[in-house]
Amino acid sequence: MEEICYFLVEKIERSKERARSILPTHPCLQQSDTAAFRIALAKYIEAIRNSITHTTHAGGRAADLKGKPYASSTENDVLAWWWKDVVVRKSILDECCGERFERLILALSSHAVLKNTTRSPSALHSLSEGDHAV
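Residues numbered from 1 in each chain as written. Predicted model: local features only at pLDDT ≥ 70, side-chain atom pairs only at ≥ 80, totals over all residues. Heavy atoms only, no water.

Student: Lay out the overall build of the protein in plain terms, naming residues and giving numbers.
Tutor: The helix and strand tally for the protein stands at 7 helices and 0 strands. Ordering the α and β elements of the protein from the N terminus gives α-α-α-α-α-α-α. Looking at the protein residue by residue over its 134 residues, the buried ones come to 35%. In the form shown here, the protein has an accessible surface area of approximately 8,100 Å², with 56% of it arising from carbon and sulfur atoms. (Helix = DSSP H or I, 4+ residues; strand = E, 2+ residues; numbered from the N terminus. Buried < 20%, exposed > 50% of the residue type's maximum accessible area, 1.4 Å probe, protein only. Areas by Shrake-Rupley, 256 points an atom, 1.4 Å probe, with all protein chains shown as cover.)

Structure, rendered in structure tokens:
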């Protein structure tokens, strides 16, 4: 579970250094590392969930853990639906099983996929031009 979640955080943040600063106890070599990792992960996931679900209702922009703009309101409208019913608790991460855990991991992985496929209009335009050249 730790490896998968670390990978997803790395993809969401698009930086190994940023993922390392969020989850500094990775790799978990001792039991105390695992507990600290899960606490940090629960806080990170809760921050993502709150920034998306609360911003969608407020209509403004959200901020990530460092205070930078996290996502536009259009992006949040798309993202909010799968975070809506997700419960984030450390105990869910401790158990690593059940429907709530599956929803949590599904929401995190869906967020990572969308975050890595969302591109600026100019990047999409250059991709579409490249497709025609083939």
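Still more ground to cover, so stick around.
Student: Now, about the pattern of salt bridges: what can you tell me, with residues and values included?
Tutor: A side chain with one charge can pair with a side chain of the opposite charge if their charged atoms come near. On inspection of all chains with the given rule, the structure shows 5 salt bridges. Note that Glu13 is salt-bridged to Arg18, the shortest N-O span being 3.1 Å. For Glu13, a relative accessible area of 18% translates into the label buried. Given a relative accessible area of 17%, Arg18 falls into the buried group. Among the ionic pairs, Asp94 bridges to Arg38, the shortest N-O distance being 3.5 Å. A residue pair is termed long-range when its members are at least 10 positions apart, and Asp94 in helix H5 (residues 90-95) and Arg38 in helix H3 (residues 31-58) qualify at 56 residues. Under the relative-accessibility criterion, Asp94 is labelled partly exposed at 33%. By relative accessible area, Arg38 is classed as buried at 13%. Residues joined in a network through salt bridges with shared partners are Glu2, Arg38, Lys90 and Asp94. (Salt bridge = Lys/Arg side-chain N within 4 Å of Asp/Glu carboxyl O.)

Student: Lay out unusual backbone geometry in plain terms, naming residues and giving numbers.
Tutor: Here the bond from His26 into Pro27 is cis, since omega is 0°, no more than 30 degrees from zero. Structurally, the position occupied by Pro27 is in the loop between helix H2 (16-22) and H3. The phi dihedral of Arg14 is positive, around 60°, even though this residue is not glycine. Tracing the backbone shows Arg14 in the loop between helix H1 (2-13) and H2. The phi angle at Cys96 is positive, at roughly 55°, despite the residue not being glycine. Examined against the element boundaries, Cys96 turns out to sit in the loop between H5 and helix H6 (99-117). Residue class for Cys96 comes out partly exposed when judged on its relative accessible area of 28%.

Student: Tell me about the environment of Glu13, and name the residues and values.
Tutor: Locating Glu13 in the fold gives a position in helix H1. Put simply, Glu13 and Ala112 are 99 residues apart on the chain and 8.7 Å apart in space, counted from C-alpha to C-alpha. A polar contact is formed between the side chain of Glu13 and the side chain of Arg18, at a distance of 3.1 Å. (Polar contact = N/O pair within 3.5 Å; in protein donor to acceptor, adjacent residues only side chain to side chain.)

Student: If you had to explain H1 to someone new, which residues and values would you point to?
Tutor: Helix length check: H1, at 12 residues, gives a terminal C-alpha distance of 16 Å against a target of 16 Å (1.5 Å per residue), a fit within 8%. Looking at H1, one finds that the buried residues are Glu2, Cys5, Tyr6, Leu8, Val9, Glu10, Ile12 and Glu13. Arg14, located one to two residues past H1, shows a positive phi value of around 60°. (Expected span 1.5 Å × (residues − 1).)

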